[in-house]
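Commentary on secondary and tertiary structure
Take a look at the letters that make up each chain.
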Amino acid sequence: MDIKIRDIKNYLEPITKKTPTCYPEDSLDRALSRTTSSHESVLVLDENKNMIGIVSPYLALFKSRLPFTAQVKSAMIKPPNITPNTLLTKVAELMLAHRTISFPIFEGENANYLITADGIMKFILDSDLIGVIGKYIKIQKPVIVQTTTTAKKVYQIMKNENASRVLLVNKYGTLKGIVTRKDIFPYLTKPTTKQRVKTGGTSKSPNARNAKSSMFSFELTGRLEFPISAIAKSPLHIHEKEPIEKIIERLLTSDYKSIVLTDEQEKPTGIISIRNVIEALTQLKPEEVIKIDIRNQAEIPEQDIDFIFNKLQAIAKSLNKMNSVKDIFLRIVKDRNAAGRAQFFEMSCSIRFFSGDEIFAKITTRNYKRDLTQLKEKIRKEAEKKFKK
C-alpha cells in the first residue's frame, strides 16, 4: 500500500492552541497534565515557540520511570521526520516503535498538523480497508483477574506481564470490567502539599493556565489495598464468532481503545486493541529499498562482503524505528605491516536519513566479522544521541 500522508490530509489534526505543548524546563507533571492517553505526545517548544521535540507519557513515566518532578528536557526526544510524502504504513511503524499515538507532520522546518491514531482509524473506516487489515489482525490473549483482586496485585501483574489493560471476571469467569494502565497509575502516587488543589501554577508553559492538578511526587503502592473492581469500567465486548470485519468496525466506530471477545457465557476469550489494528496496517507496507554502498578497499572475500551487507540491512531496519534511513556508506581499508600482511581493518560507516540528519561510526579491528557488533553498538549510540535527546 503506497498511501502517503498527503493523501489523507482531511484526517490530519491541525496544531492549535488546544494542542498539548510545554517547555524544556517544565516539570513532567505540568507537561503531561493535559494529555488524555498515556501514549499521547506533547510538543516541546523553545522560548520562540518553535517546536524542538516531543515528550511521551509512556516513555517518560512508565518505561523510563522518571519522577513527576523531572524536567521535560530529561525525557524529550526528537520526533521522526514525518512529511506529507511519508508512507502511512511507515507512520504506523513509528507509532509502534515510539509507543506514541500522535506525531507532528513537517513541511520544511514547520509543523502545522498532527497525524494521530484516531485519524488513521477514521481513514481505515472510510476507505474500506477493514477487510484487508482484518487478515492481519492478531487476537491477543487477555490478562484476567478476579473482581476481588486488590489493585496492588493487579499493578504487579500488569508490570510482570507488560500489560496495558486487565479484564475482571466473577467467580464464574463472566466478564465484569476492564482496568487500564491509565486508570490505576494515579493511585500509585501521593500528591504533594502544593498539589492538593487545582492551580495553574507559575510555569511559563503555554498551557499553564489550563493545567490540571495532577502532579505527584512518588509511588505509594500501599494505597492500592482495595478491590480492583472499585475503579473498573465497563468494557466494549462482542461475540467471538462474529466476522473479524464486524469486530474491527465495532471497535473503530466506538470511543473505546479495545474490544473484548467473549463466548456464549460471556467469558473473555480474546482482546483486540487499536495497537493491534496499527500493527496490522504495517503488514501492508511496500518493500523498502535502502541503498547500501560498501567500498571494499581491503579486498576481503566476496562472501564476507555479502555477510556484512546483510548485517547492514539489519542495522538499517533497526534504525528505521527511530527515523527513515536514506542510505548507508561503509568503507573498509586495511593497514599492512612491513611484510605486506594486513594487521588491522578500519571500518568507517556513514548513515544518512531522509530528515537530513547523518551519523558516523568507525572501528579498527583484526576480525571484521566478529567485531561488526562493535560497529552496530556505536551506530546505535550515535543514533540515540541524535534522535533521543
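Remember, it's a predicted structure, so these values are computed and weren't measured experimentally. (Residues numbered from 1 in each chain as written. Predicted model: local features only at pLDDT ≥ 70, side-chain atom pairs only at ≥ 80, totals over all residues. Heavy atoms only, no water.)

This part covers the overall build of the chain. Along the chain, the regular secondary structure elements total 11 helices and 16 strands. Counting only residues that meet the buried cut, the chain has 48% of its 389 residues in that class. Long-range pairs, those at least 24 residues apart, make up 61% of the contacts in the chain between residues at least 6 apart in sequence. Here the chain displays about 20700 Å² of accessible surface, and carbon together with sulfur accounts for 47% of that area. (Helix = DSSP H or I, 4+ residues; strand = E, 2+ residues; numbered from the N terminus. Buried < 20%, exposed > 50% of the residue type's maximum accessible area, 1.4 Å probe, protein only. Contact = heavy atoms within 4.5 Å. Areas by Shrake-Rupley, 256 points an atom, 1.4 Å probe, with all protein chains shown as cover.)

Before going further, it helps to examine the packing of aromatic side chains. With the rule as written, the count across this model stands at two aromatic pairs. Taken together, a centroid distance of 5.5 Å and an interplanar angle of 75 degrees make the contact between Tyr11 and Phe123 edge-to-face. Taken together, the residues Tyr11 in the segment before strand S1 (13-14) and Phe123 in helix H4 (residues 117-126) connect sequence positions 112 residues apart. Between Phe345 and Tyr368, the aromatic rings sit 4.9 Å apart at their centres with planes inclined by 80 degrees, giving edge-to-face as the arrangement. Of this pair, Phe345 sits in strand S15 (residues 342-353) while Tyr368 sits in the loop between strand S16 (358-365) and helix H11 (372-387), and the two are 23 residues apart along the sequence. The burial state of Phe345 is the same as that of Tyr368; both residues are buried. (Phe/Tyr/Trp six-rings, centres within 6.5 Å; stacked < 30°, edge-to-face > 60°.)

Across the sheet, which stays open at both edges, the three strands sit in the order S7-S8-S9 with mixed pairing between neighbours. The open sheet has two edge strands with one neighbour each: strand S7 (144-146) and strand S9 (175-180). Sheet twist, expressed as the mean angle between neighbouring strand axes with direction ignored, is 35 degrees. Both S7 and strand S8 (residues 165-169) contribute to a ladder of three bridges, which runs parallel. Following the sheet pairing, Ile144 is matched in S8 by Leu167. Strand contacts of helix H6 (residues 151-161): S7, S8 and S9, with the helix running at about 135 degrees to S8, the strand carrying the most contacts. (Pairing = 2+ DSSP bridges. Axes fitted to C-alpha atoms, helices over the stretch in contact; angles between N-to-C directions.)

Two elements, strand S3 (residues 42-45) and strand S4 (residues 51-55), share four bridges in a ladder whose sense is antiparallel. Bridge pairing in S4 places Leu43 opposite Ile54. Taking the residues between adjacent antiparallel strands as the criterion, S3 and S4 are bridged by five residues, where Lys49 takes a positive phi near 65 degrees.

All right, on to the packing of helix H10 (residues 302-319) against H11 then. Two elements in contact, H10 and H11, have axes separated by 11 Å at closest approach and are oriented at 25 degrees. Taken as axis vectors, H10 and H11 run roughly parallel relative to one another. Regarding H10 and H11, the two cross each other, and that crossing is right-handed. Packed against H10, whose contacting residues are Phe307, Ile308, Lys311, Ile315 and Leu319, the element H11 presents Leu372, Lys376, Ile379 and Ala383 at the interface. Broken down by class, the residue content of the contact of H10 with H11 amounts to seven nonpolar, no polar and two charged. (Parallel < 35°, antiparallel > 145°, perpendicular 65-115°, else oblique. Left-handed = near helix turned anticlockwise from the far one by under 90°. Nonpolar A, V, L, I, M, F, W, Y, C, P; charged D, E, K, R; others polar.)

In the predicted model, the chain carries a mean pLDDT of 85, and the fraction of residues at 70 or more is 87%. By mean pLDDT, the top-scoring element of the chain is strand S10 (residues 237-239) (97), and the lowest-scoring one is helix H2 (residues 57-63) (75). Note that pLDDT drops below 50 for residues 189-221; the model gives that stretch 73 contacts with residues more than four away or on any other chain. (pLDDT = per-residue confidence, 0-100.)

Take the pattern of salt bridges next. Inspection of every chain in the model, using the stated rule, returns 16 salt bridges. Between Glu93 and Lys90 there is a salt bridge whose closest N-O contact spans 3.8 Å. Separated by three residues within a single helix, Glu93 and Lys90 lie in helix H3 (residues 88-98), roughly one turn from each other. Owing to a relative accessible area of 6%, Lys90 belongs among the buried residues under this scheme. Note that Lys369 and Asp304 form a salt bridge whose closest N and O atoms lie 3.6 Å from each other. With Lys369 in the loop between S16 and H11 and Asp304 in helix H10, the pair connects residues that are 65 residues apart, well separated along the chain. Under the relative-accessibility criterion, Lys369 is labelled partly exposed at 36%. A cluster of three or more residues bridged by salt bridges with shared partners is formed by Lys90, Glu93 and Lys285. (Salt bridge = Lys/Arg side-chain N within 4 Å of Asp/Glu carboxyl O.)

So, about helix H8 (residues 244-252). Among all positions of H8, only Ile247, Ile248, Leu251 and Leu252 are buried. The buried residues of H8 occupy an angular sector of 125 degrees when projected down its axis, which confines them to one face. Packed against the buried residues of H8 are H4, helix H5 (130-134), S10, strand S11 (258-262), strand S12 (268-273) and helix H9 (274-282). (Arc of directions from axis to C-beta.)

This part is about H10. Its 18 residues place the ends of H10 26 Å apart at the C-alpha level, agreeing with the 26 Å of an ideal helix rising 1.5 Å per residue. Buried within H10 are the following residues: Asp304, Ile305, Ile308, Leu312, Ile315, Ala316 and Leu319. Take H10 and look down its axis: the buried residues cluster within an arc of 120 degrees, on one side only. The outward face of H10, more than 90 degrees from its buried face, is lined by the exposed residues Gln303 and Lys317. (Expected span 1.5 Å × (residues − 1).)

On to the environment of Lys369, then. Distance in space between the C-alpha atoms of Lys369 and Ile308 is 7.4 Å, their sequence separation being 61 residues. Not counting residues within four places of it along the chain, the set of residues in contact with Lys369 comprises Asp304 and Phe307.

Turning next to the nonpolar core. Residues Ile5, Ile115, Ile120, Ile124 and Ile133 are the most contacted members of the largest nonpolar core, which totals 45 residues. Of all the elements, H3 adds the most residues to this core, at six residues. With near-sequence residues (within four places) excluded, Ile5 lies in contact with Leu12, Ile82, Thr83, Pro84, Thr86, Leu88, Val91, Ile105 and Ile115. (Core = buried A, V, L, I, M, F, W, Y, C linked by side-chain atoms within 4.5 Å.)

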